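Here's the letter readout for the chains.
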Amino acid sequence: MKCLETVEAYIRGVAQFGSAPALGAGGRRFKSCRPDVWGSGNTLKSIFRPLIYILNQLMPGEFLVKTTVDKLSDTRVKLTVNVPFAELDKEIDQAYAAIAQQVSIPGFRKGKAPRQLIDARFGRGPILEQVVNDMLPTRYEQAVQENELNVIGQPDVDISKIEDNDFVEFTAEVDVRPEIAVPDFSKLSVTVPAIEAKDEDVDKALEDLASRFGELKDTKRKMKTGDFAIIDIVAEIDGTKLDEASYESMSYQIGDDDLIKGLDTALRGMKTDEDTEFTSTIQSGEHAGEEATIKVHVQQTKERKLPDLDDEFAQMASEFDTMDELRESTKTRVEESKKAEQAANIRDEVLKAALEGTEFELPTAVVDEQVHAQLHQILGQLAHDEKALAQLLEAQGTTREDFDKEARESAEESVRTQLFLDAVADEEQPEVSQQELTDHILFTAQSYGMDPNQFIQQLQSNGQIANLFSDVRRGKALAAAICRTTVKDEEGNDVDVDQYFGEIEEEDAEEASEEK
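In this report, the structure presented in the accompanying data block is examined. By convention here, each chain's residues receive numbers from 1 onward along its written sequence. Side-chain atom pairs in this predicted model are given and counted only at pLDDT of 80 or more, local residue features only at pLDDT of at least 70, and totals for whole chains, interfaces and linings cover all residues. The side-chain values count all of the structure's non-hydrogen atoms but skip hydrogen atoms and water molecules.

To continue, consider the environment of E207. Here a strand is any run of E in DSSP of at least two residues, a helix any run of H or I of at least four, and the numbering for each starts at the N terminus. Examined against the element boundaries, E207 turns out to sit in helix 6 (residues 199–211). The buried label goes to any residue with under 20% of its type's maximum accessible area, the exposed label to any with over 50%, and the partly exposed label to all in between, with areas taken from a 1.4 Å probe on protein chains only. Of the residues examined, E207 reaches a relative accessible area of 44% and is grouped as partly exposed. With 102 residues separating them in the primary sequence, E207 and L309 have C-alpha atoms 8.7 Å apart.

Moving on, we come to the side chain of S246. Tracing the chain through its elements places S246 in the loop between strand 8 (240–241) and strand 9 (247–253). Here a polar contact is recorded for every N or O atom pair within 3.5 Å, except that within protein the pair must consist of a potential hydrogen donor and a potential acceptor, and residues adjacent in sequence are included only if both atoms are side-chain atoms. Within the structure, S246 has its side chain in polar contact with the backbone nitrogen of A235 (distance 3.1 Å). The contact criterion used throughout is that any non-hydrogen atoms of two residues lie within 4.5 Å. If we skip the residues at most four places from it in the chain, S246 touches I233, V234, A235 and K241.

Right, let's talk about helix 3 (residues 89–102) for a bit. Helical geometry: 3.6 residues make up each α-helical turn, so side chains three or four residues apart lie on a common side. Compared with the 20 Å implied by 1.5 Å per residue over 14 residues, the 20 Å span of helix 3 between its first and last C-alpha is a close match. Regarding helix 3, the residues found buried are E91, I92, A95, Y96, I99 and A100. Buried residues in helix 3, looked at end-on, bunch into an arc of 165°, giving them a common side. At its buried positions, helix 3 is contacted by helix 4 (115–122) and helix 5 (125–146). One less than the number of residues in a helix, times 1.5 Å, gives the span that helix is expected to have. The directions from the helix axis to the C-beta atoms form the arc being described.

Each pair of packed helices can be described by the angle between their axes along with the distance between the axes. Here, axes are lines fitted to C-alpha atoms. For helices the fit covers the stretch in contact, and angles between N-to-C directions go from 0 to 180 degrees. Across the interface, helix 12 (residues 400–428) lies against helix 15 (residues 465–482) with an axial gap of 8 Å and an inter-helix angle of 70°. Compared by their axis directions, helix 12 and helix 15 come out roughly perpendicular. Taken together, the residues of helix 15 that come into contact with helix 12 (itself represented by Q418, L421, D422, V424, A425, D426 and E428) are R473, R474, A477, L478, A480 and A481. Any angle between 65 and 115 degrees counts as roughly perpendicular, while under 35 counts as roughly parallel, over 145 as roughly antiparallel, and the rest as oblique.

So, on to a negative patch on the surface. Two distance rules govern patches: like charges are joined within 9 Å, and nonpolar side chains (Val, Leu, Ile, Met, Phe, Trp, Tyr) within 5 Å, applied only to residues with over 30% relative accessible area and no salt bridge. Here the Shrake-Rupley method, with its probe set to 1.4 Å, supplies the accessible areas, and only the displayed protein chains count as covering residues. When a carboxyl oxygen of Asp or Glu lies within 4 Å of a side-chain nitrogen of Lys or Arg, that pair is called a salt bridge. Charged-residue counts in this description rest on Lys and Arg as positive and Asp and Glu as negative, His and the chain ends being excluded. Where a charge sits is defined by one atom per residue type, namely NZ (Lys), CZ (Arg), CG (Asp) or CD (Glu). A cluster of acidic side chains, namely D308, D310, D311, E312, D321, D324, E325 and E328, defines a negative patch on the protein surface. Considering the arrangement of structural elements, one finds D321 in the loop between helix 8 (311–317) and helix 9 (323–356).

A word on the environment of T293. Tracing the backbone through its elements, the reader meets T293 in strand 11 (residues 291–305). According to the relative accessible area criterion, T293 is partly exposed, its value standing at 26%. For the pair formed by T293 and D238, sequence separation is 55 residues and the distance between their alpha carbons is 8.3 Å. Aside from chain neighbours lying at most four places away, what touches T293 is V234, A235, E236, E277 and F278.

This part covers the sheet that holds strand 4 (residues 167–176). At least two bridges found by DSSP between two strands is the condition for calling them paired. Pairing within the open sheet is antiparallel, and its 4 strands lie in the order 1-2-4-3. On the outer flanks of this sheet lie strand 1 (66–73) and strand 3 (151–163), each paired with one strand and no other. Pairs of neighbouring strands in the sheet enclose a mean axial angle of 20°, with direction left out of account. Two elements, strand 2 (residues 76–84) and strand 4, share 9 bridges in a ladder whose sense is antiparallel. Residue pairing across strands places P84 opposite F167, the latter belonging to strand 4.

Right, dumping it as structure tokens:
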């Protein structure tokens, strides 16, 4: 029986690359903009093609709306769309009705003024503006579907010509997914580390379990890694205290090394009621990147006393009566953890091998948006202070140029992976069930620490349900492709990838769900 956790794991592994956010529309953003710029094209085609077929039957020959497509590059096209006024009766009626409700004309009730009088009073400009704004989203979407374009993000739209009572012409430049030749996964071969639950791995797991039942005891000796201390910390720059980097009566374990750089080194060898000071670089906040003097006072030192690993401990810490039973169960858990690690290694290595043999152009605008998103996220943590970012980078021994280069390389890798996985999904055509989507949504909500109902409401309000649907679709497609690859471990043994990525039988899935 294959476990649902494995399916969720490879979906998460694909989802971690992250979808690029939808691009702005250069001043025009359609109300019906696609929430998921990756991979929604095929779903929409299946909806629109029947409609397009019916229209073709009703209007033999060609559409009244005429569209030409100019290829600007492998990843960008320019649509020129000509819409005759005969197609705009509905939008014109709506425009006059809306403006009639907004204006007051003597002798007429609100909303009842005739069109000729509205034109005479206000001109045709407001009407045409309203008509254009109303018709753009639907006519653009129709042009995209008619030409079977896999568009990415929002278009840059420009109204190129308006001939009143004749036609409206607009252009839309938009990124499209490049043509990607998906390699034959059956010809791929990768090697991953072998699974081995060593005695020291089991010992470490049991020690971690025992630490949850340990007791803290006061000690008078010098502190070492693993000990605890109650400390006061005062951070100063030029004699001025930094409240955001100062703490009182804080419990701290030596070895965490995640509070202030150099703190662990300073505490090792200290005793109760001793003081010390050192210099360190502030990592975040208003003074990020600046050198500060860190003064530390040790109030108390404590060490953790662990219980003996015997039958009594096994009965206290588990459902088992003996330590031998607990150890055997722990070994099984370690092996399962190693399998999950191996599955992740297989996914990463297969994806890496597939991408190495696949070349295609990346949409520059999408990569730029990813880079901007990374920079915005980091600056948000620094109160959008460019100077603080520069100081932080300097403290880390790097430069803004290096930072920008790494950000672009990361964005390119993310976009490249995302586009490739969409191509794999189009080739594999996996079906995503409602249960699979629900499970993924619930897991994602849990990972964010959010109530599932609130998370779903947030997804719906932001139009992001399609993003998670695409995550599951990509994950299932990659899993199906991986099942055709050859995988060996470093000892030369064949690895059965079906145990990690094979299709789950419905009966097995129900059993796994019940076990949760």
